[in-house]
Amino acid sequence: MDIQIIEMADRKAKFILKDSSPAMANALRRTLLSDIPKMAIDTVEFYTGKIEGDDGKEYESITPLFEEIIAHRLGMLPVPTDLDLFVPQSECECGGEGCPNCTIMYSLQKTGPATVLSSDLQPLGGPNSDKLRIVDEFIPIVELTADQGITVYAKAVMGTAKKHVKWQVCNGVGYKYMPVIEIDPKHASDDAVVACAELCPAGLEVKNKKLVVKDPVACGYAKGCLEKLDETEGVTVNWDDTNFLFKYETDGSLTAQQALDIAVDILSKEAKGFADDIKVL
Ligand SMILES: [Zn+2]
């Protein structure tokens, strides 16, 4: 089994899983979706008294949204996650009480009229706390009208999407079998072949009187080519169940490369653990 990277951007990846099987491809998909740990806001405390603004004016602790909805929106924010710095609370030396190794504290205070944004959350604790600011600055949380204010303290802890989607690092995780496009060269000079090449998203081209697929990855199995050129006359589109084209994005809490490295590591440890269990049995 091997992985050939086609695109590896900060939050987006495309690669070919080579010499593998449908079972392994699906195991990797599920691991990317559910098993990668990340930090996310899990507890939110709302201050309910009068709030004094920077202008010295008093504001009511009221917003147009229920507190549960605001807490949910805060939970879904992408918290930057350094897996070398943080551990899950259940494995922390503090015994789960909360400490700088397992918990990130945020505060948020804003008065209206204004839109409360993700960038209004201030990480608390230490000179390096700026690295813990929410990854995307402009995610709207709630809109405050005049005389309204909000003061909130929030705690982020580590978890996985097996428990709640707020701990899901990767989204849009999917794969397709790599296409196998076979073309009989005897049709290469035919007008129909040229028309077929214009239709094909994989970019067919005639080279030395031979029809060549420029980018098999782009094939969407729409088989528009076959409508122009009868399958029996020389073109067949099939798929290969040992090579898979994978795509996914991350929410920014981890990079796409980190997510892939961790997923492969988790799968490898699980496979080894399973093999060890079998030996014992
Ligand atoms: Zn701790």
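Residues numbered from 1 in each chain as written. Predicted model: local features only at pLDDT ≥ 70, side-chain atom pairs only at ≥ 80, totals over all residues. Heavy atoms only, no water.

## Focus: the coordination of the zinc ion
Piece 1. Protein ligation of the zinc ion involves Cys92 (SG), Cys94 (SG), Cys99 (SG) and Cys102 (SG), the donor distances falling in the range 2.2 to 2.3 Å.
Piece 2. Between the four donor atoms coordinating the zinc ion, the angles at the centre fall across 95 to 117°, so the site counts as tetrahedral.
Piece 3. Positions of the donor residues of the zinc ion along the chain correspond to the pattern C-x1-C-x4-C-x2-C. (Donors = N, O, S within 2.8 Å, 3.2 Å for Na, K, Ca; no water. Tetrahedral: all angles 85-135°; square planar, octahedral: opposite > 155°, others 65-115°.)

## Some points on the environment of alanine 259
Piece 1. Here alanine 259 lies in helix H5 (residues 256-280).
Piece 2. A C-alpha to C-alpha distance of 9.8 Å links alanine 259 and leucine 33, two positions 226 residues apart in sequence.
Piece 3. Once residues within four sequence positions are removed from consideration, alanine 259 is found in contact with Leu32, Ile36, Val169, Cys170, Tyr248 and Thr250. (Helix = DSSP H or I, 4+ residues; strand = E, 2+ residues; numbered from the N terminus. Contact = heavy atoms within 4.5 Å.)

## Some details on H5
Piece 1. Here H5 spans 36 Å end to end across 25 residues, near enough to the 36 Å set by a 1.5 Å rise per residue.
Piece 2. Those residues of H5 lying buried are Ala256, Ala259, Leu260, Ile262, Ala263, Ile266 and Leu267. (Expected span 1.5 Å × (residues − 1). Buried < 20%, exposed > 50% of the residue type's maximum accessible area, 1.4 Å probe, protein only.)

## Quick word on the nonpolar core
Piece 1. Ranked by size, the top nonpolar core spans 23 residues in total, and within it Ile41, Leu74, Val79, Ile104, Tyr106 and Leu121 carry the most contacts.
Piece 2. Where this core is concerned, the elements lending two or more residues are strand S3 (38-46), helix H2 (67-75), strand S6 (103-111), strand S9 (140-144) and strand S10 (149-159).
Piece 3. The element that contributes the greatest number of residues to this core is S10, accounting for five residues.
Piece 4. When neighbours within four sequence positions are excluded, leucine 121 is seen to be in contact with Ile41, Leu74, Leu77, Tyr106, Ser107, Leu108, Arg133 and Ile134. (Core = buried A, V, L, I, M, F, W, Y, C linked by side-chain atoms within 4.5 Å.)

## Things to note about unusual backbone geometry
Piece 1. Cis geometry marks the peptide bond from glycine 112 to proline 113, where omega comes out at 0°.
Piece 2. Following the sequence through the fold, proline 113 ends up in the loop between S6 and strand S7 (114-117).
Piece 3. For aspartate 19, which is not a glycine, the phi torsion comes out positive at approximately 50°.
Piece 4. For aspartate 19, the location among the structural elements is in the loop between strand S2 (12-18) and helix H1 (22-34).
Piece 5. At aspartate 147, a residue that is not glycine, the phi angle is positive and equals roughly 75°.
Piece 6. Within the secondary structure layout, aspartate 147 lies in the loop between S9 and S10.

## Structural notes on H1
Piece 1. Here H1 contains 13 residues, and its C-alpha end-to-end distance of 18 Å stays within 8% of the 18 Å for a straight helix at 1.5 Å per residue.
Piece 2. Restricting attention to buried positions, one finds in H1 the residues Ala25, Leu28, Thr31 and Leu32. Down the axis, H1 shows its buried residues gathered within 125° of arc, on one side only. Those residues of H1 that are exposed and angled more than 90 degrees off the buried face are Ala23 and Arg30. (Arc of directions from axis to C-beta.)

## Topic: the packing of aromatic side chains
Piece 1. Tallying each qualifying case throughout the model produces five aromatic pairs.
Piece 2. Both rings, one in tyrosine 175 and one in phenylalanine 244, keep their centres 5.7 Å apart while their planes meet at 90°; by these two values the pair is edge-to-face. With tyrosine 175 in strand S11 (residues 170-183) and phenylalanine 244 in strand S14 (residues 235-250), this residue pair connects regions lying 69 residues apart in the sequence.
Piece 3. Taking the centre distance of 5.1 Å and the plane angle of 85° together, the rings of tyrosine 177 and phenylalanine 244 count as edge-to-face. Here the residue tyrosine 177 occupies a position in strand S11, and phenylalanine 244 occupies one in strand S14, the gap between them amounting to 67 residues.
Piece 4. Chaining the aromatic ring pairs together yields one cluster made of Phe15, Tyr175, Tyr177, Phe244, Phe246 and Tyr248. (Phe/Tyr/Trp six-rings, centres within 6.5 Å; stacked < 30°, edge-to-face > 60°.)

## Here's the deal with the pairing of S2
Piece 1. Bridge analysis of strand S1 (residues 2-8) against S2 gives six bridges, and the strand direction is antiparallel. Each residue of the ladder has a partner; that of isoleucine 5, found in S2, is phenylalanine 15.
Piece 2. Turn length for the S1-S2 hairpin, with the two strands adjacent in sequence and antiparallel, is three residues. (Pairing = 2+ DSSP bridges.)

## A short note on the pattern of salt bridges
Piece 1. Applying the stated criterion to the full structure yields 10 salt bridges.
Piece 2. With a shortest N-O distance of 3.2 Å, aspartate 35 and lysine 162 are connected by a salt bridge. A residue pair is termed long-range when its members are at least 10 positions apart, and aspartate 35 in the loop between H1 and S3 and lysine 162 in the loop between S10 and S11 qualify at 127 residues.
Piece 3. Residue lysine 162 is classed as exposed on the basis of its relative accessible area, which comes to 64%.
Piece 4. The salt bridge involving lysine 38 is made with aspartate 251; its shortest N-O contact spans 2.6 Å. Taken together, the residues lysine 38 in strand S3 and aspartate 251 in the loop between S14 and H5 connect sequence positions 213 residues apart. The burial state of lysine 38 is the same as that of aspartate 251; both residues are buried. (Salt bridge = Lys/Arg side-chain N within 4 Å of Asp/Glu carboxyl O.)

Honestly, that's just the spatial picture; any functional story needs more than this.
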